[in-house]
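Residue-level listing of the chains:
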Amino acid sequence: MFSKALFKQSVKANYLMWCIITFAVCFMLACVMLISGGGDIADVKNGVEDTIIKSEIEANIKGRAINYYELDEAALTEFDNYFIEEYAKSGNAETAYATAVGRLKQYADAVISGKGYSADSDEAMEITGLIFYTLNPKGAYNNFYASVNETPLTYDMSSVTSADRADYRKGYCKNASAIFLAGNMCSEENIDKMVKQLEDFGVTKDKYLSFGYSYSFIKHLANTTSLTYDTRLEYELDGLDKNSPDYDEKVSEVKLSLVGDITGGFLASLPEEVAEALQEVGSADLYNLIVGSIFYKMAGLLLPIIYVIMVSNSLIAGQVDSGSMAYVLSTSTKRDEVTFTQAAFLILSISAMMLMTTLTSVICLAIVSSPDITLTYGQLILMNLGAFMVLLAISGLCFMTSCIFNRSKKAMAIGGGLSMFFLVATMLGLFGSPVLPSVIRLSALNFFNYVTIISLFDTISIIEGTLAFLWKFAILLVMAGVCYAVGFVKFRKKDLPL
Amino acid sequence: MSIKLTNLTKDYGSGRGIFDLDLEINEGETVGFVGTNGSGKTTTIRSILGFIKPTSGTAEVNGLESWRHSSEIVKNIGYVPGEIAFPDLSTGTAFLKSQAEFLSVKDMTRCDELIKRLQLDPRANLKRMSKGMKQKTAIVAAFMSSPDIYLLDEPTTGLDPLMRDSFLDIVREEQKKGKTVLMSSHMFEELEPLCDRVALISDGKIVDIADMKKIRKPETREYKIEFFKKTEYQNFKKEGFLIVRDQPEYNQLTVRIDSKDINTLFNKLTAYGVRLIAEVKYNLEKYFKTNLNIKGEKDNVQ
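These numbers were taken from a predicted model, which means no experiment stands behind them.

Novice: Would you mind going over the overall build of chain B in detail, with residue names and values included?
Specialist: What chain B contains, in helices and strands, is 11 helices and 14 strands. Its C-alpha atoms give chain B principal-axis dimensions of roughly 75 × 45 × 30 Å. For chain B, the residues scored as buried account for 37% of the 302 residues in total. Taking the intrachain contacts of chain B between residues at least 6 apart in sequence as the baseline, contacts between residues at least 24 apart amount to 70%.

Take a look at the structure:
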């Protein structure tokens, strides 16, 4: 069944092209893997990701700033009222202050239980801390201010009855709540907590620190936020009718929308589709996309397909067309022997080629092992196997036409034409395929994915670790088998113009 | 080793192909195959090799049906294709080596001998070889395994006259070894000295088969005689020889006589003043011309 002489002849006739194409493919592969793995892609992706994460963190800070400010403002307003009440009772400022502090403690507890937190929870500590650090009764918490390099604040009670007391209180609260927030968020303990929450988005502590949320930044941000909030709230409330029965309801409505407005994260402030797309980009593995869907499924297939078209043609149809097959067939080499040997050569040469790309890709992956790359060696080898399966099916197709037609032109036009069509359809289909983020996806082009056999090389399934790619491989394998078998039978039966 | 064609038909449609060929080539016989381009010579040879499947009828080599037993019968056949195209190999040497491997020929002395006799330089690049060199390489490839049957499809095209003679010598040696040869050509003169029989094929049909023995030793001979004087010319006309051509303006006569009566003619001629006497050679071309003319006339009459 196997003619050694013919095999040798085929090797001699085609090794040069094999070497050139294999080298070119491996070179391209190495370039793609090393360059795109070298950081550029990670930078693009991280850039998008960071923008999203940062804006989310900032939204969080703003939300807290408003929250703290409101709590503070409400608490100190109460405190002022307590003080005035107590002072009216006792006439002694000292006693009144002390009693008012006590009542404030009760108020704080009421707030905490009103919000549904237990007395010893982190949130309770936070609220109590916020209120009392702000009030800083008799400089009791001076060490806190010292720890964040701030001059300790003193809540001035001398102007408690003056007309612009409210303005003073607001300004004081803004400053105090900003200091408290900044100090709180810059404590090691809280940073660790934040990082832990952000872990899911791939944020490490180093990365978090690189975002630059310093004490002064947060303080400034909190200050401006509460200022914005306050001014806008005032403006909005001016427009409301104080005498209407649902005034309170409307106030809380306004507040809610204001908070949403100011604290809205980056994603929340974008149209939904864009927000989704950006999230996709953030979560998409661009390296897998480039290596899998772009290289192994397209760019990397181009040269091997050209090799398959040319070689499968020259192995049978070319030799029949030129007449040189006469020298093979007039030497008692059976036709089956010819087809079998040539098919074996074709398949072996493709296998060898894909073996070289496998080696190259594994070496490249070892070189670029960056933490941003999630591609595993197993997935990489499956990619190579997938490309091999596609080439096997295409080689079957080209070999079949090569066996059927006596003219190279026809064999090339039909086998080669179809193969190139498959490749071009894959290229067009990529722009409509779900591996691309939806912003740049042209879903109309997805149609092309249904007309090319290269779609049976399911890179998504390989990356996601599902087993769908296996039965698709099986289809490719069956196609190759059928094509080769048809080629064998046709060549056995046809007239040869030799 | 014999070849037998029985009602061999390969119809390519619109009148092309070969139709109802009957031909038997016995072991040790050399048969020539003449015909114009496109008359079906190559199709017949391809059928004998089993490269094409006959529409009907059979080609047999040594009792084996060609189409089904192609790979077995070609073992004994040396084939020089009409259109020479070599595999994609670098040099003639590489090709001959590869061919030797296919044929399981280990001993290359025969090959070297053929190369020397045909003055071939096989180191030349296969692609850059001239027509003649390619032809020589193909001949060496076909002859080096010393097969029992040779199918030579216009083997002398592109060869210079000297090389053609060397080639014909080689074929003659093979004939002496008892090999069977089927050689196609459109040149009568190279088949004449070589063949036992020559088949003329036209439009896919064997029109006539000439037996070369009869042509080489014809029963009648023709002589062209020119006389000095008009009177002698006129006198000779009355001698009673069969005159096939009369050219009074040159005083020339062409007479046909039985081969055994030659002496009578020469004895008679001693009495005449003869300026020129020449035998008009009877050859294949003449044979086919006369035969086909007669046949053609018959056909016309019918």
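After presenting the structure, the write-up continues.
Novice: How would you summarise helix 11 (residues 286-315) of chain A if you had to cite specific residues and measurements?
Specialist: At Phe 295 of chain A, helix 11 of chain A is bent by approximately 60°, the largest bend along its length. In terms of burial, helix 11 of chain A is largely enclosed, as 21 of its 30 residues are buried.

Novice: I'd like to hear about the environment of Thr 224 of chain A, residue by residue, with values.
Specialist: Residue and element names in this part refer to chain A. Within the fold, Thr 224 resides in helix 8 (residues 215-238). Of the residues examined, Thr 224 has 15 C-beta atoms within 10 Å and is grouped as partly exposed. It is 9.2 Å that separates the C-alpha atoms of Thr 224 and Ala 178, two residues lying 46 residues apart in sequence.

Novice: An account of the nonpolar core is requested, with residue identities and associated values reported.
Specialist: Counting 141 residues, the largest nonpolar core has Val 308, Ala 387, Val 390 and Ala 393 of chain A together with Val 140, Leu 151 and Val 198 of chain B as the members making the most contacts within it. Element by element, the count of residues in this core is highest for helix 15 (residues 377-404) of chain A, at 16 residues. Ala 387 of chain A has contacts with Tyr 296, Gly 300, Leu 301, Met 354 and Phe 457 of chain A, leaving out every residue within four places of it along the chain. Counting 32 residues, the second largest nonpolar core, distinct from the first, contains Ala 65, Tyr 82, Ala 108 and Leu 130 of chain A.

Novice: Kindly report on helix 3 (residues 92-102) of chain B, identifying the contributing residues and their values.
Specialist: If you check which residues of helix 3 of chain B are buried, you get Gly 92, Phe 95, Leu 96, Ser 98, Gln 99, Ala 100 and Phe 102 of chain B. Where helix 3 of chain B terminates, the next one or two residues include Ser 104 of chain B, which has phi positive at roughly 50°.

Novice: So, the pairing of strand 3 (residues 30-34) of chain B: which residues are in play, and what are the values?
Specialist: Residue and element names in this part refer to chain B. Of all 5 residues that make up strand 3, 5 are buried, and the element is covered over most of its length. Of the two faces of strand 3, the one carrying Thr 30, Gly 32 and Val 34 and the one carrying Val 31 and Phe 33 are both buried. The sheet contact formed by strand 3 and strand 8 (residues 180-185) spans 5 bridges and is parallel. Of the residues in strand 8, the one forming a bridge with Thr 30 is Val 181. Here strand 3 runs beside strand 9 (residues 197-202); their pairing, made up of 4 bridges, is parallel.

Novice: Now, about the environment of Gly 28 of chain B: what can you tell me, with residues and values included?
Specialist: All names here are of chain B. Structurally, Gly 28 is set in the loop between strand 2 (16-25) and strand 3. Looking at Gly 28, the number of C-beta atoms within 10 Å reads 16, which means it is partly exposed. As a C-alpha pair, Gly 28 and Ile 48 span 20 residues in sequence and 17 Å in three-dimensional space. When sequence neighbours within four positions are dropped, the list of residues in contact with Gly 28 reads Gly 178 and Thr 180.

Novice: Tell me about the sheet that holds strand 7 (residues 149-153) of chain B, residues and numbers included.
Specialist: Residue and element names in this part refer to chain B. Pairing is mixed across the open sheet formed by 6 strands, whose spatial order is 6-7-8-3-9-10. On the outer flanks of this sheet lie strand 6 (77-80) and strand 10 (205-211), each paired with one strand and no other. Strand after strand, the sheet turns through a mean of 15° between neighbouring axes, direction not considered. The pairing of strand 9 with strand 10 spans 6 bridges and is antiparallel. Within strand 10, the position partnered with Ser 202 by the bridge is Lys 205. Lying on the sheet, helix 1 (residues 41-49) is in contact with strand 3, strand 6, strand 7, strand 8 and strand 9; it crosses strand 7 at an angle near 150°. Docked against the sheet, helix 5 (residues 131-143) engages strand 6 and strand 7, running at close to 175° with respect to strand 6.

Novice: Give a description of the confidence of the model for chain B that names residues and reports values.
Specialist: All names here are of chain B. On average, chain B scores 85 in pLDDT, and the residues at 70 or more come to 96%. Between the elements of chain B, mean pLDDT differs from a low of 66, seen in helix 11 (residues 284-301), to a high of 91, seen in strand 7. The complex prediction reports pTM at 0.70, with the ipTM value standing at 0.81.

Novice: Go over the domain arrangement of chain A, please, and point to the residues and values.
Specialist: By domain assignment, chain A separates into domain 1 (55-282) and domain 2 (285-493). The distance between the C-alpha centroids of domain 1 of chain A and domain 2 of chain A comes to 63 Å.

Novice: Can you lay out the sheet that holds strand 2 of chain B for me, pointing to particular residues and giving the numbers?
Specialist: Residue and element names in this part refer to chain B. With respect to topology, 4 strands assemble into an open sheet ordered 2-1-4-5, the strand pairing being antiparallel. Looking at which strands have only one partner, the edges of the open sheet turn out to be strand 2 and strand 5 (64-65). Sheet analysis places strand 1 (residues 3-13) next to strand 2, joined by 7 bridges and oriented antiparallel. For Ile 3, the partnering residue across the bridge sits in strand 2 and is Ile 25.

Novice: Can you tell me about the interface of chain A and chain B, naming the residues and giving the values?
Specialist: Put simply, an interface is often sized by how much accessible area is lost when its parts join up. The partner chain B presents 24 residues to the 22 residues of chain A that form the contact. Of all the secondary structure elements, the ones that give two or more residues to the side of chain A that touches chain B are helix 1 (4-90), helix 12 (317-322) and helix 13 (325-329) of chain A. Per-element accounting of the side of chain A that touches chain B gives the leading share, 5 residues, to helix 1 of chain A. By residue class, the composition of the side of chain A that touches chain B is 8 nonpolar, 10 polar and 4 charged.

Rules used in this analysis
Residues numbered from 1 in each chain as written. Chains lettered and ligands numbered in written order. Predicted model: local features only at pLDDT ≥ 70, side-chain atom pairs only at ≥ 80, totals over all residues. Helix = DSSP H or I, 4+ residues; strand = E, 2+ residues; numbered from the N terminus. Buried ≥ 20, exposed ≤ 12 C-beta atoms within 10 Å, placed from the backbone. Contact = placed C-beta atoms within 7 Å. Bend = angle between axes of the 7 residues up to and from the residue. Core = buried A, V, L, I, M, F, W, Y, C linked by C-beta atoms within 7 Å. Pairing = 2+ DSSP bridges. Axes fitted to C-alpha atoms, helices over the stretch in contact; angles between N-to-C directions. pLDDT = per-residue confidence, 0-100. Domains from an automatic or database assignment. Nonpolar A, V, L, I, M, F, W, Y, C, P; charged D, E, K, R; others polar.

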